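Residues per chain are reported as follows:
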Amino acid sequence: MSDTALLGPQEAQARTASVTANKAIARPWVSGSTVVMVLYLLFLMLPIYWLINMSLKTNLEISSSLTLWPRQITFEHYRKIFTDPSWYGGYINSLTYVVINTVLSISLALPAAYAFSRYRFLGDKHLFFWLLSNRMAPPAVFALPFFNLYSAIGLFDTPWAVALAHCLFNVPLAVWILEGFMSGVPREIDETAAIDGYSFPRFFIKIFMPLIASGIGVAAFFCFMFSWVELLLARTLTTVNAKPIAATMTRTVSASGMDWGLLAAAGVLTILPGALVIWFVRNYIAKGFALGRV
Amino acid sequence: MTKTVNNRAWLLVLPVFAVVAFSAVLPLMTVVNYSVQDTFGNNQFFWNGVAWFQDLLDPSKELGGRFFEALWRNLLFSAIILAIEIPLGIAVALAMPREGWTVAVSLVLMALPLLIPWNVVGTIWQVFARGDIGLLGWGINRLGMDYNYTGDSFDAWATIVVMDVWHWTSLVALLCYAGLKSIPDAYYQAARIDGASRWAVFRTIQLPKMRRVLLIAVLLRFMDSFMIYTEPFVLTGGGPGNATTFLSIDLVKLALGQFDLGKAAAMSLVYNLIILVVCWVFYTVMTHTDASRERVEA
C-alpha cells in the first residue's frame, strides 16, 4: 500500500511542505476519506433506521408523536406477519420464484457462456448484443404481452410464470458474468482434459465448474438480487396463489387509514434476505464488480 | 486469446436462445400486432395501419403531447441523477477503506440498498419523508421550510432524486472501487517518486483505469433510470398531477389502466427502440475501447 495516494489533498501537501514537521500536523487524526465515508454511510442508514424504528412502535405512538426511538417497544406487527398465512405466504411465494429463476438462469447460462468464451460462430457478436439488449428492456413494455402470453399457456398466477418472465433479464446477465469468469480460465485445461479422455459433459461438471465456482456464486447473487427486487412483472403475473410479498404489502391500506407499523415491519422483513445474501458473498462482491459486469 | 471457429457451439447457446426468444420475441410480436390494430371491444380487432404511430410522434395530438412530455421528463430525470451519482460514486470509491475490518462492513452496508425490493424502497422513503410521521419531512418543516412531496411538484422531484441517489449511488461506487482495486501498487509508487500531486494521480492513473467500469456504470444507471417505475409509483403515484409521471408509469397507465392496447403498443415499440439505439451506441463504444486497449497492450 502506498501512503501518498491514499491521503487527502491537504495532507499530501502538508507532507511535501514540511517533512520534518510534527507528525500530528502532517497526519491529522481523522482523514478526509473517513469523513466522506462516515457521512455517506449515515445517509444510507438513516432511512433504514427510521423504518426499523417505525416497525417497533404501536400505531398510536406513530400517529400521535414523533419519537426517535420507540417509547414502548412492541412486536405486535411482526407477530401478525408470522401468524397470518396471507402475510408469510407472500414471503414463501417470492422466495419460490426467486430460487426457481436463479437455478434456471444459471443452468441455462453455463453452456452458453462457455460457447461465447471459447468459440467463434455464425452471428455470435449479434447474438451477444441481442441478449444484452434484453437486460435493458423496460419491464413496463412486457407487462401486458406477458399477461396475455402466460394466461394463454395456463401458467398465470404460478411461481413459474414469474420465474420465466424474470429470465428475460437474468439469463443475459448470467451469460455476461459467467463469460467473463470463463475467459479467465486458460484453454490448455480444456485440451488437457480432452487428451486425458474426459467426455465434454464430464469435463464440464468435474473440472471446469469447480474452476469457476466463484463466478457461479457471483452470477447467482446477481440473479437472486434482480429477481428479488423486481415487482412490476411479479405483480402483473400473479393474483392470489403466487402473490409476492411486495404486492401483499398494499393490503396495509384499509378503511381506517394506513397501518404504518405493519407496513414498516413487512418492509424490514423484505430487507433481511438481501442482507443475509450480501453477508455470505461479501468477499465475492468486489470480485464480481471487478469484471465490470453487472 | 484466439478463439476457434466452430458453428457447433450454437448447440450450447440454443437453450438460452430458446428461453430468451420465448420471453422477448413472442411478446414483442404481440405488441407489434396490437400496434397496427384498433378495437371496438369484444375482442374484435381491425386493421388500423400506422395511425397510432402518427398520433404518438405528433406532439400536437393528445397522445403525442403526453408521450413527449413523459419523454422529456424522463430524460431530465436521467440527466440529473447521472450528474449526481457518477461524481458522488467516484468520491465514495476513493474514500473507501483499503484494508482491515472496515472494508467488509462498508461493503455490506453499501450493498444493502441494492437488495431492497423496489417498492419497499418507495415505502421506506414514504415513511421517511412524510411531514407528519417521517423524520426527514418533519425535520425540514421544523427548519421553517415548507415541504410536502405529495402536494408540491418541486418537492416531489427533489424527493425522488434523493431517493434514487440513496438507492443506486452504491452501485457506481462499488464498480469504481473494483476498478481502483485493479491498479497495481507500482503505479502509485512511481507517482510518489515523481512527486505527483493527489489530483495528478487521480487524473492520470485512477481515472483512466476506471474508464471501462465508469462506462458500464453510466450505461446501467441511464437504462435503469430511463425505465424507472416502482419507486416513484409507490412514493408519488406519478403526481402531483403528472409532475413525476415517467415513461414507464405513463405506459402502464395506458396499457393496464385504460386498456388502450393500440396506443400502448405503439408507445412500447418506440420506447423499446430508443433503448435499443442507446444500448447499441454504448456497446459499440465499449467494444471499441476494449479493442484499442488490447492493441495498446499487445
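Residues numbered from 1 in each chain as written. Chains lettered and ligands numbered in written order. Predicted model: local features only at pLDDT ≥ 70, side-chain atom pairs only at ≥ 80, totals over all residues. Heavy atoms only, no water.

Caption draft 1: Spotlight on the packing of aromatic side chains. Counted by the stated rule, this structure contains 32 aromatic pairs over all chains. Here the aromatic rings of W125(B) and F128(B) are separated by 5.3 Å at their centres, their planes lie at 90°, and the arrangement is edge-to-face. In this pair, W125(B) and F128(B) both sit in helix α5 (residues 118-129), 3 residues apart, roughly one turn of the helix. In this structure, W125(B) and F128(B) share a single accessibility class: buried. For W125(B), a relative accessible area of 1% corresponds to the buried category. Taking NZ or CZ as reference, R71(A) lies 4.9 Å from the ring centre of W69(A), over its face. For R135(A), the ring lying beneath its charged end belongs to F226(A), and the centroid distance is 4.8 Å. (Phe/Tyr/Trp six-rings, centres within 6.5 Å; stacked < 30°, edge-to-face > 60°. Helix = DSSP H or I, 4+ residues; strand = E, 2+ residues; numbered from the N terminus. Buried < 20%, exposed > 50% of the residue type's maximum accessible area, 1.4 Å probe, protein only. Lys NZ or Arg CZ within 6 Å of the ring centre and 35° of its normal.)

Caption draft 2: Just empty space enclosed by the protein, in detail. Applying the stated rule across the entire model yields 6 cavities of 30 Å³ or more. In this model, the largest cavity occupies a volume close to 260 Å³. In terms of lining residues, the largest cavity is bounded by 19 residues, among which P139(A), E230(A), W118(B), D224(B) and M227(B) are the most central. Those elements giving two or more residues to the lining of the largest cavity turn out to be α7 (124-135) and α9 (159-183) of chain A together with α7 (153-181), α10 (211-226) and α11 (230-235) of chain B. Broken down by class, the residue content of the lining of the largest cavity amounts to 11 nonpolar, 2 polar and 6 charged. Computed from the structure, the second largest cavity encloses a volume of approximately 60 Å³. Lining the second largest cavity we find V141(A), L144(A), P145(A), T30(B), V31(B), Y34(B), L251(B), A255(B), L261(B), A264(B), A265(B) and S268(B). Elements supplying a minimum of two residues to the lining of the second largest cavity: α8 (139-152) of chain A together with α1 (10-35), α12 (247-257) and α13 (261-297) of chain B. Looking at the lining of the second largest cavity, the element that brings in the most residues is α13(B), giving 4 residues. Looking at the lining of the second largest cavity, its residues break down into 10 nonpolar, 2 polar and no charged. (1 Å grid on protein atoms, 1.4 Å probe; cavity = no way out; pocket = protein on both sides within 12 Å on 5 of 7 lines; lining within 4 Å. Points joined across faces, edges and corners; volume = space filled by probe spheres on them. Nonpolar A, V, L, I, M, F, W, Y, C, P; charged D, E, K, R; others polar.)

Caption draft 3: How the structure looks around the confidence of the model for chain A. Looking at chain A, the pLDDT average stands at 81 and 84% of residues meet or exceed 70. When the criterion is pLDDT under 50, residues 1-26 of chain A qualifies, and its contacts beyond four places in sequence or with other chains add up to 26 contacts. (pLDDT = per-residue confidence, 0-100. Contact = heavy atoms within 4.5 Å.)

Caption draft 4: View of the interface of chain B and chain A. On the chain A side, the residues contacting the 104 residues of chain B number 104 residues. Summed over both partners, the interface of chain B with chain A comes to about 9,300 Å²; 79% of that surface belongs to carbon and sulfur atoms. Linking chain B with chain A are 1 salt bridge, by the criterion used here. Between D224(B) and R135(A) there is a salt bridge; the shortest N-O distance is 3.7 Å. Top element by residues in the side of chain B that touches chain A is α1(B). It accounts for 19 residues. In terms of residue class, the side of chain B that touches chain A is built from 77 nonpolar, 17 polar and 10 charged. Pairing analysis gives 2 bridges linking strand β1 (residues 119-120) of chain A to strand β1 (residues 4-5) of chain B, with the strands arranged parallel. Note on β1(B): the bridge partner recorded for Y119(A) is T4(B). (Buried area = accessible area lost by both parts, 1.4 Å probe. Salt bridge = Lys/Arg side-chain N within 4 Å of Asp/Glu carboxyl O. Pairing = 2+ DSSP bridges.)

Caption draft 5: Quick peek at the side chain of S35(B). All names here are of chain B. Examined against the element boundaries, S35 turns out to sit in helix α1. A polar atom in the side chain of S35 sits 2.8 Å from the backbone oxygen of V32. Not counting residues up to four positions away in its chain, the partners in contact with S35 are G49, W52, F53, G262, A265, A266 and L269. (Polar contact = N/O pair within 3.5 Å; in protein donor to acceptor, adjacent residues only side chain to side chain.)

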